[in-house]
Amino acid sequence: MESMMALVVGGLYAAAIYMMLRRSIVKLVIGLVLLGNAANLLIFTSGGLTRGAPPLVPDGAAMPAGAVADPLAQALILTAIVIGFGVLAFAVVLIHRAYEVVGADDMDRMKDTDT
Amino acid sequence: MLLAVLSGFLLAAVAPWLVPRLGAHAGRVLALLPVGLFLWFASLLPAVGGGETLLWEYAWVPGLDVQLGFLVDGLSLLFALLISGIGALVTLYAGSYLAGHRDLARFFVWLLAFMASMLGLVLSDGLIALFVFWELTSITSFLLIGFAHEDKTARQAALQGLFVTVGGGLALLAGFVLLALAAGGWSLSAVLDAGDAVREHAHYAVIAWLIFLGAFTKSAQVPFHFWLPNAMAAPTPVSAYLHSATMVKAGVYLLARFQPALGGTDLWVFTLTLVGAATLFTGALLALRSSGMKRMLAYSTVMALGTLTLLAGIGGETAAIAFVAFLLAHSLYKGALFLIAGVIDHETGCREVPEMGGFGRAMPVSFAVAVLAALSAAGVMPLFGFIAKELLFESALGLAAWQPVVLTLTLAGLVGGVAVAAVVGLRPWIGRPVTTPREPHEAPLDLLAGPALLALLGLLFGLLPGLAERGLLAAAAGAVHGQAVTPNLALWHGLNLPLAMSALTLVAGLLVAWRWDGIRKMLVGLGFVERFGAERGYDAGMLGLVRVAAWQTRLLQNGHLRYYILTTLSATALLLVYALVTRHAVIPPWSSSGVRLYEVVIGAVVLMAALVAVTTRSRLGAVASLGAAGFGVALIYVLFSAPDVGITQVLIETLTVLMLVLVLFRLPSFLGLTPGRIKLRDASISLTIGGLMSWLLLDAVAAHHQGSISRYFVENAVPAGHGQNIVNVILVDFRALDTLGEIVVLGLAAIGVYAMIKLRAEDRRRRGKEEPR
């Protein structure tokens, strides 16, 4: 299963980077979202894939009975997803504002500092 | 001790306030500090002269076990006395020389700061502290050379001095780090105790060369000698103090200081004797070629520094004694001569030696002082310079390898040295009086006190060499040599080879001085010095540096975000390949065991969605497929035991799609901006990096072990965190501070978004108001 996940992660990375290398700023944003997903999956998979054993402690027990999925990787990703959304929201509003001022979404036309 | 070193900085800090209030007495009052320091250092003489080594230690960074230590042995006390003594005389002199200058306060700030840095340099026991003070002397020297900052030459000379000495300082820092690693300690005491370990260390040659570079640049050795004469753009008291008596000696101080630990090897002896002899000769030649009095003195300082390097290279008991004797003699006579050059400039307005003559009648005291100092410089009996010169010959004769070359260069250089001393000591004073910009008259006491005292000390130590020897020189030579020595300095050693050589240089030097005008014209005629000199190399180097900077700025700072991304990614990919290939050369085998069909379907959906998002030309299509990929990822989280992450991903993905749809549709639709060729290039780059990431992940999974940190969280979630959902306990309890940071980031983003929307609304309102007009 890890091999297939590696393929998915690699594909997401490739798509993200390709989009980030475009001149259109909208495509850059799409690339950013894909990159976030790719990185989260990378961390998730390297923490180990476990089926049907969420990191929960049953009622009355001090710790889970058997092996559970790595909780640390999950905690990291949870933080990353939320922060990624914050950054994205800011970026999208910024781009919209920049478009209003510059009148183009071509990044080659956003090089001047004074408009 | 700490106060002694830092008091100069403290006084420098209040000098801007103090100097205008003291008026004409500023120099006299400020000189009290160096006088006090001199007396305090002199009070250490009996102990140190008796062979003791004093050590003061203060905790600096106790957490890292870093001490601020001060080491006082013969060598550092000799330097400290010279620095504070000449410092007092120069401060007094400068108060009168620059009287009424509008930047006098600024001058004293830098002069005092320099004095404190120099004291710190020679007294530091720690290598790091030594380096910091070393750089401080470079910086204060830069400020003092550029004191007349409205003058372009002064600015250029200051920059040149800074680049050369600080460039050498960088090498020195690297050398110190390696040295400390080799010696196993960061203090001079540790390095000096570990001499054998350092000399046999695998990096010995590198250490020695890096320290050589630092010392050679600071002490103006060939081929770095060119900055020193240019530094004469500084006011004369500065030239006398920094560029003859103290700062330029920092390099040779370093060589002498490390001689017991690093010296004695073939590399050490060979490099230092040859560079020293070459510098000695070059300095003499260039001094005879110059006409400005300060410039001549500057080149003769280069010559003296070459001599000191040569002596540090030769090593052994005689050379160590010669080193400290010559150091003392040179500081005394060269300080005096420089100050006299300032007196002549101040009282007559003349700077060029060929334009001087007959001042002796109007300025008899200056004349007497100049002759006395010049006699010491030429090494005439019974002055102290004579003793130093005899010892120099004796050491050079004891050299085993390269003796003929070194001896020839030394003899020829010293003939030049005698000639320079004769020209400077006689030429301005005798002969027919010439017309000068100002009517020559005797200088005031403040200006004469310094040079007169220095010149008289040269005579005193010559007549009573035992005084200097018992007081300090024996202990100083012992520190250079690494073990106790018995110098037995005396004026008369009997009729021997050194005496004959001394006489030879005197006669030949006087002949050269007599015919100086013709010889100078001939030397000036040799144009190759301008065309192929070391300064040319410096200029070319600076020009090349600027060109490379312009070229790489155009290349890297091109203003296109995608090229920045490309550069960053390529560099990361290269590092990644390097790490993967060197550590785990094989790609882990493909394993499809235990894969269930629905998992393959989800993976395929994610990949397909990403592909569509990349290739579609419809904005709605791109956003929709982006959402599809995101929900697919959420399903993967849920399937592999991460329900919380899955729920969050679904929520966030929904919000993202909504936001993109709302905002992006106010933007124009996609344009085909890029030609196919570049698309192909970008596609291959992204596929390469994607493949690398797959490889990295396979590698990481193959090496995976559930680490101890995760196990700690699993075991302690209920007992310590009182929560059954381990992921939640980590977020709000174990790593609560991280979560707080996350909340701050979100808050900031929210404020940013709000501000920008508000801004837009205001813009619109303003436009609405403007339109009716």
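Above this text is the structure in question.
What counts and what doesn't
- Residues numbered from 1 in each chain as written.
- Chains lettered and ligands numbered in written order.
- Predicted model: local features only at pLDDT ≥ 70, side-chain atom pairs only at ≥ 80, totals over all residues.
- Heavy atoms only, no water.
- Helix = DSSP H or I, 4+ residues; strand = E, 2+ residues; numbered from the N terminus.
- Rg over C-alpha atoms; globule rule 2.2 N^0.38 Å.
- Buried < 20%, exposed > 50% of the residue type's maximum accessible area, 1.4 Å probe, protein only.
- Contact = heavy atoms within 4.5 Å.
- Areas by Shrake-Rupley, 256 points an atom, 1.4 Å probe, with all protein chains shown as cover.
- Buried area = accessible area lost by both parts, 1.4 Å probe.
- Salt bridge = Lys/Arg side-chain N within 4 Å of Asp/Glu carboxyl O.
- Phe/Tyr/Trp six-rings, centres within 6.5 Å; stacked < 30°, edge-to-face > 60°.
- Polar contact = N/O pair within 3.5 Å; in protein donor to acceptor, adjacent residues only side chain to side chain.
- Core = buried A, V, L, I, M, F, W, Y, C linked by side-chain atoms within 4.5 Å.
- Expected span 1.5 Å × (residues − 1).
- Arc of directions from axis to C-beta.

Colleague: Please explain the overall build of chain A as it appears in this structure.
Modeller: Per the secondary structure count, chain A includes three helices and zero strands. Each helix (α) and strand (β) of chain A, taken in turn from the N terminus, gives the series α-α-α. Taken against the 2.2 N^0.38 rule, which gives 13 Å for 115 residues, the C-alpha radius of gyration of chain A at 20 Å runs more than 25% over that of a compact globule. By its C-alpha atoms, chain A is 65 × 30 × 15 Å across when sized along the principal axes. Counting the 115 residues in chain A, one finds 59% classified as buried. Contacts spanning at least 24 positions in sequence make up 55% of the contacts within chain A whose residues lie at least 6 apart. About 4,100 Å² of surface is accessible on chain A, with carbon and sulfur atoms providing 63% of the total.

Colleague: Sorry if this is basic, but what is going on with the overall build of chain B here?
Modeller: Across its full length, chain B carries 34 helices and two strands. The C-alpha atoms of chain B give a radius of gyration of 36 Å, which is well past the 28 Å a tight globule of 773 residues would have. Along the first, second and third principal axes, the C-alpha atoms of chain B reach 105 × 75 × 50 Å. The buried share among the 773 residues of chain B stands at 53%. Looking at chain B alone, contacts between residues at least 24 apart form 78% of all its contacts between residues at least 6 apart. When the accessible surface of chain B is split by element, carbon and sulfur atoms take 68% of a total near 33,800 Å².

Colleague: Just checking my understanding: could you explain the interface of chain A and chain B for this structure?
Modeller: Bring the parts together and some accessible area is lost; that lost area is often taken as the interface size. Listed per partner, the contact involves 86 residues of chain A and 92 residues of chain B. Taken over both partners, the interface formed by chain A and chain B buries close to 8,500 Å², and the fraction arising from carbon and sulfur atoms is 75%. The three residues of chain A that bury the most area against chain B are L21(A), R51(A) and R97(A), which together make up 8% of that side's buried surface. Our count for the contact surface shared by chain A and chain B stands at two salt bridges. Of the charged contacts in the structure, one is a salt bridge between R51(A) and E599(B), with a shortest N-O distance of 2.7 Å.

Colleague: So what exactly am I meant to see when it comes to the pattern of salt bridges here?
Modeller: Should their charged atoms come close, side chains of opposite charge can pair. Residues and elements named next belong to chain B. If you walk through the whole model with that rule in mind, you get 12 salt bridges over all chains. Between D196 and R199 there is a salt bridge, with its nearest N and O atoms 3.0 Å apart. Of the two residues, D196 and R199 are both situated in helix α10 (residues 195-199); the distance of three residues between them amounts to about one turn of the helix. Among the charged side chains, a network of salt bridges with common partners joins R102, D103, R106 and E150.

Colleague: Explain the packing of aromatic side chains here, please?
Modeller: Given two aromatic rings, one states the distance between the centres and the angle between the planes to describe the pair. Residue and element names in this part refer to chain B. Per the stated rule, a full pass over the model turns up 19 aromatic pairs over all chains. Seen in terms of ring centroids, F79 and Y253 are 5.1 Å apart; in terms of plane orientation they differ by 75°. Their pairing is edge-to-face. With F79 in helix α5 (residues 74-97) and Y253 in helix α14 (residues 249-262), this pair connects stretches of sequence that are 174 residues apart. The exposure class of F79 is buried, given its relative accessible area of 2%. Overall, the relative accessible area of 0% leaves Y253 in the buried class.

Colleague: I'm lost on the environment of T140(B) in this one. Help?
Modeller: All names here are of chain B. Its location among the elements puts T140 in helix α7 (residues 127-145). Distance from T140 to M115, taken between C-alpha atoms, is 9.3 Å for residues 25 residues apart in sequence. At a separation of 3.1 Å, a polar atom in the side chain of T140 contacts the main-chain carbonyl oxygen of T137.

Colleague: Any chance you could explain the nonpolar core here in plain terms?
Modeller: One broad rule of soluble globular proteins: the nonpolar side chains tend to lie buried together. Core analysis: the largest hydrophobic core is formed by 198 residues, its most contacted members being F41(B) and F258(B). If one sorts the elements of this core by residue count, helix α17 (residues 317-348) of chain B sits on top with 21 residues. Contacts of F258(B), omitting those with residues within four sequence positions, involve L127(B), F176(B), L179(B), L188(B), V191(B), I211(B), G263(B) and W268(B). In terms of nonpolar packing, the next biggest core, distinct from the first, is built from 82 residues, A16(A), A38(A), V606(B) and V727(B) among them.

Colleague: Help me understand helix α28 (residues 597-615) of chain B in this model?
Modeller: The periodicity of an α-helix, 3.6 residues per turn, causes residues three or four positions apart to be oriented the same way. Taking 1.5 Å of rise per residue, the 19 residues of α28(B) would be expected to cover 27 Å, and the 27 Å separating its terminal C-alpha atoms lies within 8% of that figure. Every buried residue belonging to α28(B) is among E599(B), I602(B), G603(B), V606(B), A609(B), A610(B), A613(B) and V614(B), and all of these are buried. Taken down its axis, α28(B) places every buried residue within 140° of arc, on the same side. Among the exposed residues of α28(B), those oriented more than 90 degrees off its buried face are L597(B), M608(B) and T615(B). Looking at the buried side of α28(B), the elements it contacts are α1 (2-20) and α2 (25-46) of chain A together with α29 (619-639) of chain B.

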